[in-house]
Amino acid sequence: FYVNADDSEHGMLEKLKLAEELGIGMLVPGFNRFSAKQLPGLLFELGQSGLASETIVILDTLKKATPTNDKARISAFNGAVRPFCTLGGTFIALHHVNKNRNDEGEVVFSGTSDLVDDIDAGYIIDIVSTDELTKTQIVIFKRIKGRGGVVHNAAFRYSIADGQSYQGLLASVEE
C-alpha cells in the first residue's frame, strides 16, 4: 500500500494510475473516508489477519500520520508499527529534514529522537550532484541507523528533465 498523504490532486491522480498498473493499493486522506490517523489501526488489522508478511506499507509523509516532534505521540505511533513489522510486515515512512544544513553542510534530521530510536533502519537522502547537461541528479541514502545487516549507503541517479511523467521519473532511476 502507498499512503499518499502529501501530494497535489494532479500528483495523486498520476500516482494512482501507476499504482493501479503495478497492483499497489493507494490510500489518500479524504478519499473513501480514509485518514492517515487510521494507519495504526490498519497495521494492527493486517497483523491480526496474518497478511503482514505479504504487505509493504509506504507512508508519504510521516508527519501527516503523527506529530514527529511530540515524543509521546511518535512513541505511540512506533508502538503500533512495531507489531506489524514483528509479524513480517515492511513499513517505510518518508519524512522531511530541516530546511537548513549543519555547519559541515550536511542535511539535518528533523524530529524527536524517539522517531529513530524505535526503528530498524533509517536513512537521510541528500543530493550529491546535479548535471544540467544530462538533466540528471545523483542522491545518496546515508544510513543513520541500521539493524539486521542493512546497507550503509546507497546512491541513485535519475532524470530531472522538465515535463516528464512520474512514471518516466521512476523508470529513469538507476543504482
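For the structure, see preceding data.
Conventions adopted
Residues numbered from 1 in each chain as written. Predicted model: local features only at pLDDT ≥ 70, side-chain atom pairs only at ≥ 80, totals over all residues. Heavy atoms only, no water. Helix = DSSP H or I, 4+ residues; strand = E, 2+ residues; numbered from the N terminus. Rg over C-alpha atoms; globule rule 2.2 N^0.38 Å. Buried < 20%, exposed > 50% of the residue type's maximum accessible area, 1.4 Å probe, protein only. Contact = heavy atoms within 4.5 Å. Areas by Shrake-Rupley, 256 points an atom, 1.4 Å probe, with all protein chains shown as cover. Lys, Arg positive; Asp, Glu negative; His and termini not counted. Charge placed at Lys NZ, Arg CZ, Asp CG, Glu CD. Core = buried A, V, L, I, M, F, W, Y, C linked by side-chain atoms within 4.5 Å. Expected span 1.5 Å × (residues − 1). Polar contact = N/O pair within 3.5 Å; in protein donor to acceptor, adjacent residues only side chain to side chain. Patch = residues over 30% accessible without salt bridge, like charges linked within 9 Å, V, L, I, M, F, W, Y side chains within 5 Å. Salt bridge = Lys/Arg side-chain N within 4 Å of Asp/Glu carboxyl O. Pairing = 2+ DSSP bridges. Axes fitted to C-alpha atoms, helices over the stretch in contact; angles between N-to-C directions.

Before going further, it helps to spend a moment on the overall build of the chain. Regarding its fold elements, the chain presents five helices and seven strands. For the chain, the α and β elements follow one another from N to C terminus as β-α-β-α-β-α-β-α-β-β-β-α. Since a compact globule built from 175 residues should have a radius of gyration of about 16 Å, the 17 Å found for the chain is in line with a globular shape. Reported as C-alpha extents along the three principal axes, the dimensions of the chain are approximately 50 × 40 × 30 Å. Scored against the burial criterion, the 175 residues of the chain give a buried share of 30%. Partitioning the intrachain contacts of the chain with sequence separation of at least 6 by distance along the chain shows that 49% fall at a separation of at least 24. Here the chain displays about 10,800 Å² of accessible surface, and carbon together with sulfur accounts for 54% of that area. The chain carries 17 positive and 23 negative side-chain charges, and their two centres are separated by 4 Å.

Counting residues in each nonpolar core, the largest one holds 17 residues, and the members touching the most others are Leu39, Val57, Leu59, Phe77, Phe84 and Phe91. Not counting residues within four places of it along the chain, the set of residues in contact with Phe91 comprises Leu39, Leu43, Val57, Leu59, Phe77, Val81, Phe84 and Cys85. Core analysis: the second largest hydrophobic core is formed by five residues, Tyr2, Ala19, Met26 and Val28 among them.

For helix α3 (residues 71-86), spanning 16 residues, the distance from its first C-alpha to its last is 22 Å, which sits close to the expected 22 Å at 1.5 Å a residue. Considered for burial, the residues of α3 that qualify are Ile74, Phe77, Asn78, Ala80, Val81 and Phe84. The secondary structure elements touched by the buried residues of α3 are α2 (39-49), β3 (56-60), β4 (90-94) and α4 (114-117). The N-capping residue of α3, defined by a side-chain oxygen 3.1 Å from the backbone nitrogen of Ala72, is Asp70. Looking one or two places after α3, you find Gly88, whose phi comes out positive at around 100°.

With that settled, consider a nonpolar patch on the surface. A cluster of nonpolar side chains, Ile56, Ile92 and Leu94, forms an exposed patch at the surface whose accessible area comes to about 230 Å². If you trace the backbone, Leu94 turns up in strand β4. Assessed through its relative accessible area of 35%, Leu94 is described here as partly exposed.

With that out of the way, let us pick up the sheet that holds strand β2 (residues 26-27). Across the sheet, four strands lie side by side as β2-β1-β3-β4; this open sheet has parallel pairing. In the strand order of this sheet, the two ends are held by β2 and β4, each with one partner. Pairing of strand β1 (residues 2-4) with β2, which is carried by two bridges, proceeds in the parallel orientation. Bridge assignment links Val3 to a residue of β2, and that residue is Leu27. Running at roughly 175° to β3, α2 makes contact with β1, β2, β3 and β4 of the sheet. Contacting β3 and β4, α3 crosses the sheet at an angle of about 145° to β4.

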